[in-house]
Amino acid sequence: MTGVQTCALPISTAGLDYGNYTYYAYAKDTSGNENETELREVTIEAAANNAPTVDTPTLTPSPAKITEDLNCSFIVSDPDDGDTLTVNITWYQDDEDAVNISAMSVTNATYTNATLFFGNTTAGQNWTCGVEPYDGTDFGSQANSSSVYINSLPTVALTDPEDNNQTPNRTPTFSWTGSDGDNSTYLLYDVNITCHDG
């Protein structure tokens with residue numbers, strides 16, 4: 001057969017590791033004549049990694065009583081299949097870094113909750129949680145929740161008249177005291193007086 005022949009002979013390269021490779025081709029005719037191409041270089045590299053993202057965390061309850069745990073809820077999303085996802089949780093007290101949880105495992109696109117137990121909080125403080133996602137290669141941008149105020153319970157005590165007091169006075173004076181650990185400027189009171197036959 002004479003003339004120019006053009007053909008393509010694809011070769012499977014499945015399983016090549018990432019890296020730089022050189023290649024060339026050569027041809028030999030039936031008369032034993034050989035020729036070869038120039039040497040070329042090709043690089044096989046991993047697809048660019050996409051950093052994970054996290055939605056704005058929700059911090060509950062709000063406001064929180066001094067006996068309630070704080071729950072920071074969020075969802076981490078990563079478009080790259082197979083990444084192992086973790087988050088770093090930072091709890092801020094009055095905008096200062098206070099408690100840290102590192103490399104907490106999370107599942108892609110799944111609702112996750114981190115808890116700060118009430119023993120870490122005190123009345124009058126403001127708390128925020130920050131969530132920074134990581135996929136083993138890149139950190140995503142940290143997202144912070146809104147602030148939650150820690151509110152103490154007011155105390156109230158009856159002072160007069162004493163319990164089981166009997167009096168002919170039809171206009172007795174009822175007295176009580178109250179206080180609040182949050183330094184509130186005022187307290188609102190409700191008094192319930194019920195008549196019992198007897």
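Worth saying up front: this structure is predicted, and the values here are computed from it rather than measured.

Calculation criteria
Residues numbered from 1 in each chain as written. Predicted model: local features only at pLDDT ≥ 70, side-chain atom pairs only at ≥ 80, totals over all residues. Heavy atoms only, no water. Phe/Tyr/Trp six-rings, centres within 6.5 Å; stacked < 30°, edge-to-face > 60°. Pairing = 2+ DSSP bridges. Helix = DSSP H or I, 4+ residues; strand = E, 2+ residues; numbered from the N terminus. Core = buried A, V, L, I, M, F, W, Y, C linked by side-chain atoms within 4.5 Å. Buried < 20%, exposed > 50% of the residue type's maximum accessible area, 1.4 Å probe, protein only. Disulfide = S-S within 2.5 Å.

1. Re the packing of aromatic side chains
Thought 1: All told, the structure shown has one aromatic pair when counted by the stated rule.
Thought 2: A centroid spacing of 4.2 Å and a plane angle of 25° characterise the contact between Tyr134 and Phe139, whose relative ring orientation is stacked.

2. Some words on the pairing of strand β10 (residues 96–105)
Thought 1: Looking at chain direction, strand β9 (residues 86–93) and β10 are connected through seven bridges and run antiparallel. For Thr86, the partnering residue across the bridge sits in β10 and is Ser105.
Thought 2: With antiparallel pairing between neighbouring strands as the criterion, β9 and β10 make up a hairpin whose turn holds two residues, including Asp94 at a positive phi of roughly 50°.

3. Brief notes about the nonpolar core
In summary, soluble globular proteins display a tendency toward joint burial of nonpolar side chains.
Thought 1: Ranked by internal contacts, the top residues of the largest apolar core, which has 21 residues, are Leu70, Phe74, Val87, Ile89 and Trp91.
Thought 2: The leading source of residues in this core is strand β8 (residues 70–77), at four residues.

4. What to know about the state of the cysteines
Thought 1: Scanning all chains against the criterion turns up one disulfide.
Thought 2: Here Cys72 is linked by a disulfide to Cys129, with a sulfur-sulfur distance of 2.0 Å. Residues Cys72 and Cys129 are joined through a disulfide that is right-handed, its torsion about the S-S bond being 65°. Here the residue Cys72 occupies a position in strand β8, and Cys129 occupies one in strand β12 (residues 126–134), the gap between them amounting to 57 residues. One exposure class covers both Cys72 and Cys129, and it is buried.

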